[in-house]
Amino acid sequence: MSMDRFARAASIDGKQFAAGLLERIKKDVEILKAQTGVVPGLAVVLVGDDPASSVYVASKHRQTVAAGMKSFVHQLPAETSQNELLGLVHRLNVAPEVHGILVQLPLPVHLDPNAVIQAIHQDKDVDGFHVSNAGRLFTGNPVLVPCTPLGCMMLLKDTLGENLSGLHAVVVGKSNIVGKPMAQMLMNAHCTVTVVHSQTRDTAELCRAADILVVAAGRPGLVRGDWIKPGAVVIDVGINRIQDGGKSKIVGDVAFGEAGHARAITPVPGGVGPMTIACLLSNTLTAFRGQHNLAIAA
Ligand code: GUN
C-alpha cells in the first residue's frame, strides 16, 4: 500500500460503540434484576478533592444510575488515614448490596495504593488490579480485567473482526493499568506482541512493524506518521491537555493528522475515553454474575 497523502484512515467511533454497549448493559441489568431480585451495585471511593478525579467519579455515578444500577459514592477527606480507608474497603467487601468496588487513583501521597487495591475482595475488583485478577489474565483465564484495555480490545475486534490471531501488535507503554494488561489480552488473542516503552532503543522501527498499534504513553503527539505502517489499526489511549494558540485542548499520543495512511484510528477525544466507564459497568455485571453463580457473558 502506498503512503498516499490523500488516503483517509477510518475513524473508530468509541463514543458510538460505548453508547451501544451501555444500552446492552441496561437491558442486562433488567434481566439480572428479574432473575435474582437484586439490583447490581457499584461503590466508588474518592479520597481528597483532586478536580480531575472528582469529574471522573461524578461521571461514573451518573452513568451507573443511568444503567439502572445502584451507585454508592464514598467521598473521604484528603487527611483520611490508611486504616480508615482499609476499614471502608473491608465494609464494602462484605456489603451484600455492593458487587463492585473502585478506589479512584491517584490517592493522596500518604496512602499506599497497592495495599488498598489488594485489600479489595478479588470478586468485587472491577478495576481488575488485584494480583489474583492480574494472575488470571496472565494465565489466560481472565474474569475481571482492567477497563481501558478491555475497551481497546472491544474496539479492535469491532474493527478487525473477532480473529486477531497472528497479527503483530505493538503496545507503547508498560503501565499496570494499560500497557501490561493490554499486552496480555493481545497475547491471549494469539497476537505476536511487542511492548515498547521510554527506555526502548528503536521504538519507531518497532512501531512500523505493527499491524495493531496501541499507544498508552501519556506523551502528546509521540507517535508520528512515519511510525505507522500503511494499513495498520491504531488505538490511541492518550488523553493530554495541551495549549494550542492560547487555547486549551485535549490530544492523544498519536499525531492524528499524520495517520491518514492507517486503516483506522481512534480519535481523541471520542475514541478510547468513552469506552472506559462503559467497561467498568460491564465489569460490575461480570462481578454480579460471579457473586450470584450465574454464567459470565462472553
Ligand atoms: N484513575 C485513572 N484511571 C483509573 C482507573 O482506571 N481506575 C482507578 N481506580 N482510578 C483511575
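Relevant structure appears above.
Each value, and the rule that gives it
- Per chain, residue numbering runs from 1 following the sequence as it is written.
- A pLDDT threshold of at least 70 governs which residues receive local features in this predicted model, and a stricter bar of 80 or more applies before side-chain atom pairs are shown or counted, although totals over entire chains, interfaces and linings include all residues.
- Only hydrogens and water are set aside; all other atoms, that is, all heavy atoms of the structure, feed into the side-chain values.
- Nearness is judged by heavy atoms alone; a residue qualifies as near a molecule or strand once a single heavy atom is within 4 Å of it.
- N or O atoms closer than or at 3.5 Å make up a polar contact, with two conditions inside protein: a donor-capable atom paired with an acceptor-capable one, and, for residues adjacent in sequence, both atoms drawn from side chains.
- The accessible surface values rely on the Shrake-Rupley method and a 1.4 Å probe; as for residues, cover is taken only from the protein chains in view.
- Only Asp, Glu, Lys and Arg are considered charged, only Ala, Val, Leu, Ile, Met, Phe, Trp, Tyr, Cys and Pro nonpolar, and every remaining residue, Gly among them, polar.
- Here, a salt bridge means any Lys or Arg side-chain nitrogen found within 4 Å of an Asp or Glu carboxyl oxygen.
- The numbering of helices and of strands both runs from the N terminus, where a helix is a DSSP run of H or I of at least 4 residues and a strand a run of E of at least 2.
- Whether a residue is buried, partly exposed or exposed follows from its accessible area with a 1.4 Å probe, protein chains only, as a fraction of its type maximum: under 20%, in between, or over 50%, in that order.
- Whether two strands pair depends on DSSP finding at least two bridges between them.
- Between N-to-C directions, angles span 0 to 180 degrees; the directions come from axes that are lines fitted to C-alpha atoms, helices contributing only their stretch in contact.
- The criterion used for residue contact is that any of the two residues' heavy atoms lie within 4.5 Å.

Peer 1: I'm lost on the site of the ligand in this one. Help?
Peer 2: The environment of the ligand is formed by Leu102, Val103, Gln104, Leu105, Asp127 and Phe129. At a separation of 2.8 Å, a nitrogen atom of the ligand approaches a polar backbone atom of Val103. For the ligand, the protein covers 77% of the area, taking 280 Å² as the surface of the free molecule. Taken together, the residues of the shell around the ligand sort by class into 4 nonpolar, 1 polar and 1 charged.

Peer 1: Looking at this structure, how should I read the pattern of salt bridges?
Peer 2: When the charged atoms of two side chains with opposite charge come close together, those side chains can pair. A complete count under the given rule lists 6 salt bridges for this structure. With a shortest N-O distance of 3.4 Å, Arg289 and Asp28 are connected by a salt bridge. With Arg289 in helix 9 (residues 273–291) and Asp28 in helix 1 (residues 14–36), this pair connects stretches of sequence that are 261 residues apart. Looking at Arg289, the relative accessible area reads 11%, which means it is buried.

Peer 1: Quick question: what am I supposed to make of the sheet that holds strand 4 (residues 100–103) here?
Peer 2: Through backbone hydrogen bonds, the strands of a sheet pair up, either in parallel or in antiparallel fashion. Read from one edge to the other, the open sheet built from 3 strands follows the order 3-2-4, with strand pairing classed as parallel. Bordering the open sheet on either side are strand 3 (70–76) and strand 4, each of which pairs with just one other strand. Neighbour-to-neighbour, the strand axes of this sheet turn through a mean angle of 15 degrees, independent of strand direction. Of the strand pairs in this sheet, strand 2 (residues 41–47) and strand 4 are connected by 4 bridges, and their pairing is parallel. Counterpart to Val44 in the pairing with strand 4 is Leu102. Lying over the sheet, helix 2 (residues 51–66) contacts strand 2, strand 3 and strand 4, oriented at roughly 160 degrees with respect to strand 3. Most of the contacts of helix 3 (residues 82–94) go to strand 2, to which it runs at about 180 degrees, and overall it touches strand 2, strand 3 and strand 4.

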